[in-house]
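# Observations on the model geometry
In case you want the letters, here they are:
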Amino acid sequence: MKVLITGGNGFIGSSVAHKLLKRGYEIGVLDNDSSFINKPKYHKAALEHRKKLFKNKISYSLKGDIRNKSHVKRAFDEFQPNIVVHLAAIPMARPLPEFEEEMIPITLYGTLNVLEEFEKCESATKIVYTSSSMTYGHFTKSPQPEDVMLNPINSYGACKAAGEYFVKLSKKEWVIVRPTSVYGYADAANRVTQLLLDAALNNKSAWVVRGETLDFSYIEDVAEGFALAVERPSAVYQTFNISKGEPRSASDFAEILKKHFPKFTYDVKEPTVQQVFRGAQDITKAKDFLNFSPKFNIEDGIEDILRLVEEYNWKKDAY
């Protein structure tokens, strides 16, 4: 069985590729290795560390941009996938101002290009679309289930939500996955977890938002959720929250880091008008339909990241 992963060299994509390779799938990747953090050395180091960590034996790889229809068409024509996992997008809800104008062309129009070729490709029967908890906007329930009305309040959430509606128009099989607050080794998207870890590792200060509560989801668990969405027949025509399902504050994450790095300091800032108030996602449906069972709380996840940092010398060459 052949799986094409758009964004397959990315933080989540490389982990999903590894999971599926271990299950015996043949993997193809379409990725242009874009960086959206204005730290080229850091981004290059993240890509290299993912390769060191996974040693993924990809059978097909195309450096291409999902905004370019010819690139997308070439990937489908040459690889002839059976299943598509669509991850390529701007990987952050609040990109730097210079990248904000790329949100719609990449995250929405790029998705439409992938869907167009998916529909045309005779070998392709199923697509797994990566959405986001940002489609909910401010959470209205605790935990937040999949069946609430989507009410995104930023362009990232709006693009992801629009993508869901277009995916559901497909004449083929589809699955929608909504991850949230994913963290892990060799991330490079300026997520709060990455920024806190980097600060602790490099004896710098950091900050968190007062009252910010997130469903921190370790990459190993999230990749397993994607793999289950790919392989389980019960996943078809369903939408799933894929996360730990546990509300923890950003200050909890920082305090756990302080136990490992006693000199680490952080400030607490007041939320801005851009703040999206979230919490835990309800993962009951993923447990029932997919037998999804996340293993890592943030204490375990941080320990695993620090183990990998030590093993692969991340601190020495990431800046």
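Up top is the structure.
Residues numbered from 1 in each chain as written. Predicted model: local features only at pLDDT ≥ 70, side-chain atom pairs only at ≥ 80, totals over all residues. Heavy atoms only, no water.

So, about the nonpolar core. Ranked by size, the top nonpolar core spans 101 residues in total, and within it Val3, Ile5, Leu20, Phe226, Phe253 and Phe264 carry the most contacts. If one sorts the elements of this core by residue count, helix α8 (residues 219–231) sits on top with eight residues. With residues up to four places along the chain from it excluded, the contact list for phenylalanine 226 reads Ile12, Val16, Val85, Leu87, Val128, Thr130, Val177 and Pro179. Residues Tyr136, Val148, Leu150 and Ala161 belong to the second largest nonpolar core, which totals five residues. (Core = buried A, V, L, I, M, F, W, Y, C linked by side-chain atoms within 4.5 Å. Buried < 20%, exposed > 50% of the residue type's maximum accessible area, 1.4 Å probe, protein only. Helix = DSSP H or I, 4+ residues; strand = E, 2+ residues; numbered from the N terminus. Contact = heavy atoms within 4.5 Å.)

Now for helix α11 (residues 298–312). Between the first and last C-alpha of α11 there are 21 Å, a value that for 15 residues agrees with the 21 Å anticipated at 1.5 Å per step. Considered for burial, the residues of α11 that qualify are Ile298, Gly301, Ile302, Asp304, Ile305, Leu306, Leu308, Val309 and Tyr312. Where α11 begins, one side-chain oxygen reaches toward the backbone nitrogen of glutamate 299, 3.2 Å away; that side chain belongs to asparagine 297. (Expected span 1.5 Å × (residues − 1). Polar contact = N/O pair within 3.5 Å; in protein donor to acceptor, adjacent residues only side chain to side chain.)

To continue, consider the sheet that holds strand β2 (residues 26–31). Overall, parallel pairing links the seven strands, which are arranged β3-β2-β1-β4-β5-β6-β11 in an open sheet. Whereas interior strands pair on both sides, the edge strands pair on one side only; in this sheet they are β3 (60–63) and β11 (238–242). Between one strand and the next, the sheet's axes are offset by a mean angle of 15 degrees, whatever the strand orientation. Contacts between helix α1 (residues 11–22) and the sheet are confined to β1 (2–6) and β2, with β1 contributing the most and set at about 170 degrees to the helix. (Pairing = 2+ DSSP bridges. Axes fitted to C-alpha atoms, helices over the stretch in contact; angles between N-to-C directions.)

Okay, the environment of aspartate 33 next. You can see aspartate 33 is positioned in the loop between β2 and α2 (40–54). Considered as a pair, aspartate 33 and serine 234 are 201 residues apart in the sequence and their alpha carbons are 33 Å apart. With sequence-adjacent residues up to four places away left out, aspartate 33 is seen in contact with Asn9, His43 and Leu47. Side chain to side chain, aspartate 33 and asparagine 9 meet in a polar contact 3.0 Å long.

Relative orientation of the contacting elements helix α3 (residues 69–79) and helix α5 (residues 103–120) amounts to 35 degrees, with a least axis distance of 9 Å. For the pair α3 and α5, the sense of crossing is right-handed. Two secondary-structure elements touch here, α3 through Lys69, Val72, Lys73 and Phe76 and α5 through Asn113, Val114, Glu116, Glu117 and Phe118. (Left-handed = near helix turned anticlockwise from the far one by under 90°.)

Of all five residues in β11, four are buried, a share of seventy percent or more. Looking at chain direction, strand β6 (residues 173–179) and β11 are connected through five bridges and run parallel. Across the sheet, residue isoleucine 176 finds its bridge partner in β11, namely threonine 239.

Take the side chain of serine 132 next. Structurally, serine 132 is set in the loop between β5 (126–130) and α6 (155–167). Here the side chain of serine 132 touches methionine 134 through a polar contact of 2.9 Å, landing on its backbone nitrogen.

Turning our attention to the environment of serine 132. By relative accessible area, which is 6% here, serine 132 ends up buried. What serine 132 contacts, discounting residues up to four positions off in sequence, is Tyr156, Lys160, Val177, Arg178 and Pro179.

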